[in-house]
Amino acid sequence: MPRYKNRVLAAALCGALAHSAGVLAAPAASVPAASTPVALITAFYRDYFANEAAARKRYLDSGAFYSAGARKLLADNDFACRKVARGDDMCGYGADADMFLDAQDSDADLTLASSGFTARPVGANAVDVSFRVFPKAADSRRTMRYVVVREGGQWRVDDVLRPVKGVYTARNSMRQGILSEIAAISKAALDVADASSWVNTYVEEQQADRFARFVAFPVTVCVKQDACVPYAQDDARLPALVKTLHDIYFKAGAAQKGLPAIAAGKQGAGAPKEDSVVRSGPFDYTFRHGAWWLSRIDPQRASAPR
């Protein structure tokens with residue numbers, strides 16, 4: 001039976017790389033010093049195939065696998081996902097698959113021997129690995145290159161490259177992937193249309209917890225005409241508010257068919273100014289601290305953007 005990498009579970013497991021306190025910690029002594037880069041990578045995969053959770057704890061959470069530079073980059077990625085990206089659970093390097101297997105699922109009893117694992121040195125600072133995630137399936141072979149550096153007398157992984165038409169390039173590396181994701185997250189945070197799209201989706205799906213990701217608490221809510229009150233974070237009234245908005249805009253027979261969307265570029269060219277406001281339907285979006293937030297919610301207000 002294959003071991004499936006459920007996308008949400010994969011996000012939690014792979015994101016644990018950066019979420020753990022060990023991301024920026026000094027490498028621990030729990031992993032014996034590897035005499036060569038090949039020895040480090042081979043030992044990691046041997047342990048990873050045997051017990052994924054234990055291997056993550058031993059190598060990743062301890063800080064004994066990645067270089068200081070790679071750990072810092074993973075921590076930056078984690079920060080961007082937790083503090084800036086709010087619209088999607090699938091955030092973070094390796095969140096949509098197992099980054100070490102380059103796959104979303106694999107054989108449940110994978111071992112070094114059954115996978116046909118090989119590790120070959122490439123010069124003094126790289127190791128090419130090859131294996132099959134399903135031993136009997138020739139088309140399940142994965143290949144990648146681990147770039148290593150010497151830190152504190154130990155070999156550490158500084159980058160991971162995947163081939164494009166058989167050629168390894170920095171453009172398809174772990175580092176470049178992380179930098180690209182951080183840049184995309186930062187760009188989306190500046191776009192009020194992106195925030196509006198997620199908010200509208202979460203109202204339609206009545207997902208109050210995700211809706212709350214875009215709310216600047218305490219938020220002003222006008223539950224009745226000329227009766228506005230603050231809602232605190234984790235306010236027990238928030239689910240009812242989201243349901244009210246859903247019923248106004250999405251419930252069968254509702255007068256308003258869908259929340260008004262904000263067009264891309266609504267806030268104008270360049271980075272938004274701090275505390276600038278864009279109004280759309282029942283929502284006021286205010287730009288604060290690098291992102292757009294819901295600062296006022298008025299279900300009584302006309303639905304057309306103003």
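Not measured: the values here are computed from a predicted model. The residue numbering used here restarts from 1 in each chain and proceeds along that chain's sequence as written. Only residues with pLDDT of at least 70 get local features here, since the model is predicted, and only at 80 or more are side-chain atom pairs given and counted; chain-wide, interface and lining totals rely on the full set of residues. Calculation of side-chain values draws on the structure's entire complement of heavy atoms; hydrogens and water are dropped beforehand.

**Q** Can you help me understand the nonpolar core in this one?
**A** Where a protein is soluble and globular, its nonpolar side chains tend to be buried together. Residues belong to one nonpolar core when they are buried, are Ala, Val, Leu, Ile, Met, Phe, Trp, Tyr or Cys, and are joined through side-chain atoms within 4.5 Å. Burial here depends on accessible area, computed with a 1.4 Å probe over protein chains only, as a share of the maximum for the residue type. Under 20% is buried, over 50% is exposed, and the range in between is partly exposed. Y45, F65, Y66, F100 and Y146 are the most contacted members of the largest nonpolar core, which totals 42 residues. Only DSSP runs of H or I reaching four residues or more are called helices, and only runs of E reaching two or more are called strands; each is numbered from the N terminus. Those elements that provide at least two residues to this core are helix 2 (37–50), helix 3 (52–61), helix 4 (68–83), strand 4 (126–132), strand 5 (141–151), strand 6 (154–164) and helix 6 (174–189). Those residues in contact with F100 that sit more than four places away from it in its chain are F44, Y45, Y48, R56, L60, F65, Y66, F131, M144 and Y146. If you look at the next biggest cluster of nonpolar residues, it comprises 27 residues, including F214, Y231, V278 and L294. Here, two residues are considered to be in contact whenever any of their heavy atoms come within 4.5 Å of each other.

**Q** Even after reading the chapter, I still don't get the state of the cysteines, so can you show me in this structure?
**A** One way to say it: the disulfide is the covalent bond shared by the sulfur atoms of two cysteines. Whenever a pair of cysteine sulfur atoms sits within 2.5 Å, that pair is classed as a disulfide. Counted by the stated rule, this structure contains two disulfides. Paired by a disulfide, C81 and C91 hold their sulfur atoms 2.1 Å apart. Handedness here is read from the sign of the S-S torsion; for C81 and C91, about -80°, the answer is left-handed. Residue C81 is found in helix 4, and its partner C91 is found in the loop between helix 4 and strand 2 (105–107); the two are separated by ten residues along the sequence.

**Q** Mind showing me how you'd approach the pairing of strand 4 here?
**A** Moving residue by residue along a regular strand, the side chains alternate between the two faces of the sheet. In terms of residue burial, strand 4 counts as a mostly covered element, since seven of its seven residues are buried. Of the two faces of strand 4, both are covered, the one formed by A126, D128, S130 and R132 as well as the one formed by V127, V129 and F131. Note on pairing: DSSP must find at least two bridges between two strands before they are called paired. Where strand 3 (residues 118–121) and strand 4 come together, four bridges link them in antiparallel fashion. Each bridged residue has a counterpart across the sheet, and for R120 the counterpart in strand 4 is D128. In sequence, strand 3 turns back onto strand 4 through a hairpin of four residues, with G123 there showing a positive phi of about 70°. Two strands pair when backbone bridges link them, and strand 4 and strand 5 are joined in this way by seven bridges, in the antiparallel orientation. Residue pairing across strands places S130 opposite T143, the latter belonging to strand 5.

**Q** When you look at the packing of aromatic side chains in this model, what are you seeing that I'm missing?
**A** Both the distance between ring centres and the angle between the ring planes are used here to describe each pair of aromatic rings. Two aromatic rings from Phe, Tyr or Trp, using only the six-membered ring of Trp, form a pair when their centres are within 6.5 Å; if the ring planes differ by under 30 degrees the pair is stacked, by over 60 it is edge-to-face, and anything between is tilted. For the structure shown, the criterion picks out 21 aromatic pairs. Connected via pairs of aromatic rings, a cluster forms that spans F44, Y45, Y48, F49, Y59, F65, Y66, F100, F117, F131 and Y146. Between the NZ or CZ atom of R86 and the centre of the ring of W293, over which it lies, the distance is 4.3 Å. The residue whose ring lies beneath R237 is Y231, and the NZ or CZ to ring-centre distance is 4.0 Å. Here, over-ring charges are defined by two tests on the NZ atom of lysine or the CZ atom of arginine: distance to the ring centre within 6 Å, and angle to the ring normal within 35 degrees.

**Q** Explain the pattern of salt bridges here, please?
**A** Two side chains that carry opposite charge are able to pair once their charged atoms sit near each other. By definition here, a salt bridge exists when the distance from a side-chain nitrogen of Lys or Arg to a carboxyl oxygen of Asp or Glu is within 4 Å. All chains considered together, the criterion is met by 14 salt bridges. Among the salt bridges present, the one from D102 reaches R162, with a minimum N-O distance of 3.5 Å. You can see D102 sitting in the loop between helix 4 and strand 2 and its partner R162 sitting in strand 6, a full 60 residues away along the chain. Exposure remark for D102: the relative accessible area of 33% places this residue in the partly exposed category. Residue R288 pairs with D275 through a salt bridge whose shortest N-O separation is 3.7 Å. Linking R288 in strand 11 (residues 283–288) with D275 in the loop between helix 9 (238–249) and strand 10 (277–280), this pair joins segments that are 13 residues apart in sequence. The exposure class assigned to D275 is partly exposed, which follows from its relative accessible area of 48%. One network of salt bridges, in which partners are shared, links R46, D47 and R58.

**Q** Is there a simple way to explain the sheet that holds strand 6 in this structure?
**A** Backbone hydrogen bonds hold the strands of a sheet together, and the pairing may be parallel or antiparallel. If you walk across this open sheet you meet the five strands as 3-4-5-6-7, and the pairing is antiparallel. Looking at the sheet topology across the chains shown, the edges are occupied by strand 3 and strand 7 (167–173). The average angle at which neighbouring strand axes cross in this sheet is 40°, direction not considered. Where helices are involved, their axes are fitted lines through C-alpha atoms of the stretch in contact, as for all axes, and angles between N-to-C directions lie from 0 to 180°. On the sheet, helix 6 packs against strand 6 and strand 7 and is oriented at approximately 25° with respect to strand 7.

**Q** I would appreciate a short explanation of the sheet that holds strand 9 (residues 227–231) in the present structure.
**A** Taken together, five strands build an open sheet; the order of strands is 9-8-12-11-10 and the sheet is mixed. Taken across any chain shown, the strands that pair with only one partner, and hence form the sheet edges, are strand 9 and strand 10. Within the sheet, the average angular offset between the axes of one strand and its neighbour, ignoring direction, is 30°. Inspection of the sheet shows strand 8 (residues 215–224) paired to strand 12 (residues 291–297) by three bridges, in the parallel sense. When the sheet's bridge partners are listed, V215 is paired in strand 12 with L294.

**Q** So what exactly am I meant to see when it comes to the side chain of D128 here?
**A** If you trace the backbone, D128 turns up in strand 4. Here D128 falls in the buried class, since its relative accessible area comes to 9%. Reaching out from D128, the side chain makes a polar contact with the side chain of R145 at a distance of 2.6 Å. For this analysis, a polar contact is any N or O atom pair within 3.5 Å, provided that within protein one partner can donate a hydrogen and the other can accept it, and provided that sequence-adjacent residues contribute only side-chain to side-chain pairs.

**Q** Please explain the packing of helix 2 against helix 3 as it appears in this structure.
**A** When two helices pack together, their arrangement is given by the angle between the helix axes and the distance between those axes. As a packed pair, helix 2 and helix 3 sit with axes 6 Å apart at the nearest point and diverge in direction by 140°. Judged on the interaxial angle alone, helix 3 and helix 2 are oblique. Packed against helix 2, whose contacting residues are A43, F44, D47, Y48 and A50, the element helix 3 presents E52, A55, R56, R58 and Y59 at the interface. Residues were grouped as follows: Ala, Val, Leu, Ile, Met, Phe, Trp, Tyr, Cys and Pro as nonpolar; Asp, Glu, Lys and Arg as charged; and all remaining residues, including Gly, as polar. Its residues placed into classes, the contact of helix 2 with helix 3 shows six nonpolar, no polar and four charged. Any angle that falls under 35 degrees is termed roughly parallel, while one over 145 is termed roughly antiparallel, one within 65 to 115 roughly perpendicular, and all others oblique.

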